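# Observations on the model geometry
One letter stands for each residue in the lines below.
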Amino acid sequence: MSVNVLYTFRRCPYAMRARVTLRAAQATVGWREILLKDKPSAMLEASPKGTVPVLVLADGTVIDESRDVMKWAIDNSTSLPFDAQWQQSRDWLDRNDDHFKYWLDRYKYSVGYPEHTEGYYREQAEQFIQLLEDKLANSPYLLGDEITAADLGVFPFVRQFAMVDQGWFFSSHYTNVQTWLSQWLEHPWFTSVMHKRDPWQEGDEEVYL
């Protein structure tokens, strides 16, 4: 392989944060959109666990965790000064991945979790949203006045939370989170990596991120 390629699925928040960070880092990466129900053999050979994102570097190195893809993009970029804030960003990513995502899934798919109501699951997820609200009351981004990996890694999941019931979310008291999320949804780093792409097939000409 002579180029870096990313296997990704447009709507997956893990893949989304990988794409946004790669785009912010101005990384040259082939974009290989997949279908979750028909994963290409080349992706499964690279990463048998079969989840996205999967970044395969030109030298054959495989990076198949979204946070590791983000870190690779940051470490190999001359345009992103995020490395100094990586540990602080990781704290937010830990909260997002280890706590918020658990309750987000149950809120989004509450029919499949009949043990509690949708409202209960939302209330549990709101604990994280309130942390964001409080933090964003004092700065435009999670770690201050500049964008960091914390913002890039968290907002795709907050986007999912907001989309479950947009009417409720945008009329809620989380006005700081609403402003922060709305800015991200309109940011060129995000909009440029959300174009619909046909699923990649072996032999296709490489299309770059």
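Report on the accompanying structure. (Residues numbered from 1 in each chain as written. Predicted model: local features only at pLDDT ≥ 70, side-chain atom pairs only at ≥ 80, totals over all residues. Heavy atoms only, no water.)

## Observations concerning the overall build of the protein
Worth spelling out the cut-off: Only DSSP runs of H or I reaching four residues or more are called helices, and only runs of E reaching two or more are called strands; each is numbered from the N terminus. With C-alpha atoms as the basis for the radius of gyration, the globule rule is written as 2.2 Å multiplied by the number of residues raised to the power 0.38. Two residues qualify as a contact provided that any one of their heavy atoms is within 4.5 Å of a heavy atom in the partner residue.
Within the protein one finds nine helices and four strands. Its helices and strands in sequence order give the protein the pattern β-α-β-α-β-β-α-α-α-α-α-α-α, from N to C terminus. A globule of 209 residues ought to have a C-alpha radius of gyration of about 17 Å, and the protein, at 17 Å, matches this closely. The long-range fraction of contacts in the protein, counting pairs at least 24 apart against all pairs at least 6 apart in sequence, stands at 69%.

## Describing the nonpolar core
Quick note on the threshold: For the purposes of this section, nonpolar cores are sets of buried Ala, Val, Leu, Ile, Met, Phe, Trp, Tyr and Cys residues that join through side-chain atoms within 4.5 Å. Categorising residues by exposure relies on relative accessible area from a 1.4 Å probe, with only protein chains included: less than 20% of the type maximum marks a residue as buried, more than 50% marks it as exposed, and the intermediate range marks it as partly exposed.
In terms of nonpolar packing, the biggest core is built from 54 residues, with Phe100, Leu132, Val154, Val158, Val177 and Trp180 touching the most fellow members. Breaking this core down by element, the ones donating at least two residues are α1 (13–24), α3 (66–75), α4 (86–108), α5 (118–136), α6 (149–164), α8 (175–185) and α9 (188–191). Of the residues forming this core, the biggest block, nine residues, is contributed by α6. For tryptophan 180, the residues in contact, after removing those within four places along its chain, are Leu132, Leu136, Pro140, Tyr141, Leu142, Asp151, Val154, Phe155 and Val158. Counting 11 residues, the second largest nonpolar core, distinct from the first, contains Ile34, Met43, Val52 and Val56.

## A few points about the packing of α5 against α8
In plain terms, the rule: Each axis is a line fitted through C-alpha atoms, taken for helices only over the stretch in contact, and angles between the N-to-C directions span 0 to 180 degrees. Throughout, the term roughly parallel applies to angles under 35 degrees, roughly antiparallel to angles over 145, roughly perpendicular to angles from 65 to 115, and oblique to all others. Ten residue types, Ala, Val, Leu, Ile, Met, Phe, Trp, Tyr, Cys and Pro, are classed as nonpolar, four, Asp, Glu, Lys and Arg, as charged, and the remainder, Gly among them, as polar.
Direction vectors running N to C along α5 and α8 enclose 85 degrees, while the axes themselves pass 8 Å from each other. Accordingly, the angle class assigned to the pair α5 and α8 is roughly perpendicular. Here Ile129, Leu132, Glu133 and Leu136 of α5 lie close against α8, whose contacting residues are Thr175, Asn176, Val177 and Trp180. Taken together, the residues of the contact of α5 with α8 break down into five nonpolar, two polar and one charged.

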